[in-house]
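Descriptive structure summary
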Amino acid sequence: MKLVFATNNAHKLSEVRAIAGARFSIISLQELGCFNEIPETGDTLTDNALQKAKYIHDRFHCNCFADDTGLEIEALAGRPGVYSARYAGEHCSSQDNIQKVLHELQDVANRKACFKTVIALILDGKNYFFEGAIEGEIIEDIKGSQGFGYDPIFKPLGYDKTFAEMTEAEKNSISHRALATKKLNDFLQTCHISK
């Protein structure tokens, strides 16, 4: 089964391909011939994921999926949340976002956080949603050089290292994106078998 992953993020594409394995063929936007910047104007992760999937489905008429991921920090009333990728401004870097979060949490004792991913799948014209979440905390200093985004400051509950200190295989076995992708895989496996 071929599916287009509606993202321009090479890190996400690599992660999802690694998690999906050989069971499904994940096609990138570049391979599809789409080089547009896909809009994300929704108020929730679900809205954004569906908006991106619909953008590709409406233009290319193919089975596709998209995800949106947010870091929700308890002491910041759930921020950055849906604005995680552009928390420090429209054209900010991951480093800018990290520095803003660390600044806002300076001298804050409660550092509880949750990473969430929502995947929206459009398969044969129908919409399906899959969510993954992992609890953890925001550490005080940047640690690790793997991963991307907020990985260097997010330490998952029950672990003594950040996502950025883990190997790709370690992160892909427990992450929010891994959990959502596993649900997507299980669903697709069921569909594939039933057809």
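Treat the numbers as computed from the prediction; the structure is a model and nothing was measured. (Residues numbered from 1 in each chain as written. Predicted model: local features only at pLDDT ≥ 70, side-chain atom pairs only at ≥ 80, totals over all residues. Heavy atoms only, no water.)

A few words now on the overall build of the protein chain. Check the secondary structure of the protein chain and you find six helices and seven strands. What you see in the protein chain, going N to C, is helices and strands ordered as β-α-β-α-α-β-β-α-β-β-β-α-α. Here the protein chain has a C-alpha radius of gyration of 17 Å; the compact-globule value for 195 residues is 16 Å, and the two agree. Referenced to the eigenvectors of the C-alpha coordinate spread, the extents of the protein chain come out at roughly 55 × 30 × 25 Å. A burial count over the protein chain gives 47% of its 195 residues as buried. Positive and negative side-chain charges of the protein chain, numbering 22 and 27 respectively, have mean locations separated by a distance of 5 Å. (Helix = DSSP H or I, 4+ residues; strand = E, 2+ residues; numbered from the N terminus. Rg over C-alpha atoms; globule rule 2.2 N^0.38 Å. Buried < 20%, exposed > 50% of the residue type's maximum accessible area, 1.4 Å probe, protein only. Lys, Arg positive; Asp, Glu negative; His and termini not counted. Charge placed at Lys NZ, Arg CZ, Asp CG, Glu CD.)

Glancing now at the pairing of strand 6 (residues 126–138). Pairing between strand 5 (residues 112–123) and strand 6: twelve bridges, direction antiparallel. Across the sheet, residue A120 finds its bridge partner in strand 6, namely F129. Where strand 5 folds back onto strand 6 in an antiparallel hairpin, the turn is made up of two residues, including D124, whose phi is positive at roughly 50 degrees. Sheet topology note: the strand 6/strand 7 (residues 154–156) ladder contains three bridges and is antiparallel. Counted as the bridge partner of G136 is P156 from strand 7. (Pairing = 2+ DSSP bridges.)

Core analysis: the biggest nonpolar cluster contains 19 residues, and L71, I73, V101, I138, Y150, I153 and F154 have the highest contact counts within it. For this core, the secondary-structure elements that each account for two or more residues are strand 3 (64–73), helix 4 (94–104), strand 5 and strand 6. Here this core gets three residues from one element, more than from any other, and that element is helix 4. Aside from chain neighbours lying at most four places away, what touches I153 is I98, V101, L102, E137, I138, I139, D141 and I142. (Core = buried A, V, L, I, M, F, W, Y, C linked by side-chain atoms within 4.5 Å. Contact = heavy atoms within 4.5 Å.)

The next point concerns the environment of K52. Tracing the chain through its elements places K52 in helix 3 (residues 45–60). Taking the C-alpha atoms as reference points, K52 and A66, 14 residues apart in sequence, are found 6.0 Å from one another. The residues touching K52, leaving out its near neighbours within four places in the chain, are A6, I38, P39, E40, A66, D67 and D68. Among the polar contacts listed, one links the side chain of K52 to the backbone oxygen of D67, at a separation of 2.6 Å. (Polar contact = N/O pair within 3.5 Å; in protein donor to acceptor, adjacent residues only side chain to side chain.)

The linkage connecting R79 with the following residue, P80, adopts the cis geometry, with an omega of 0 degrees. Mapping P80 onto the fold places it in strand 4 (residues 80–81). Backbone geometry places A77, a non-glycine residue, at a positive phi of 55 degrees. With a phi close to 50 degrees, D124 is a non-glycine residue in the positive phi region.

Tracing the sequence through the fold places L50 in helix 3. Residues L50 and E40, ten residues apart in the sequence, show an inter-C-alpha distance of 9.5 Å. The residues contacting L50, other than those within four sequence positions of it, are A120, N127 and F129.

The next thing to look at is the pairing of strand 5. On any regular strand, side chains alternate: one points to one face of the sheet, the next to the other face. Within strand 5, ten of the twelve residues are buried, which leaves it mostly tucked inside the rest of the structure. Relative to strand 5, strand 3 runs antiparallel, the two sharing ten bridges. The residue of strand 5 that forms the bridge with F65 is L121.

Applying the stated criterion to the full structure yields six aromatic pairs. When the centroid spacing of 5.4 Å and the interplanar angle of 50 degrees are considered together, the rings of F130 and F187 count as tilted. With a gap of 57 residues between them, F130 in strand 6 and F187 in helix 6 (residues 176–194) connect regions that are remote in the sequence. Classification of F130 by relative accessible area gives buried; the value is 9%. Ring pairs connect the aromatic residues F115, F154 and F163, which therefore count as one cluster. (Phe/Tyr/Trp six-rings, centres within 6.5 Å; stacked < 30°, edge-to-face > 60°.)

These results come straight from atomic positions and should not be treated as a statement about function.
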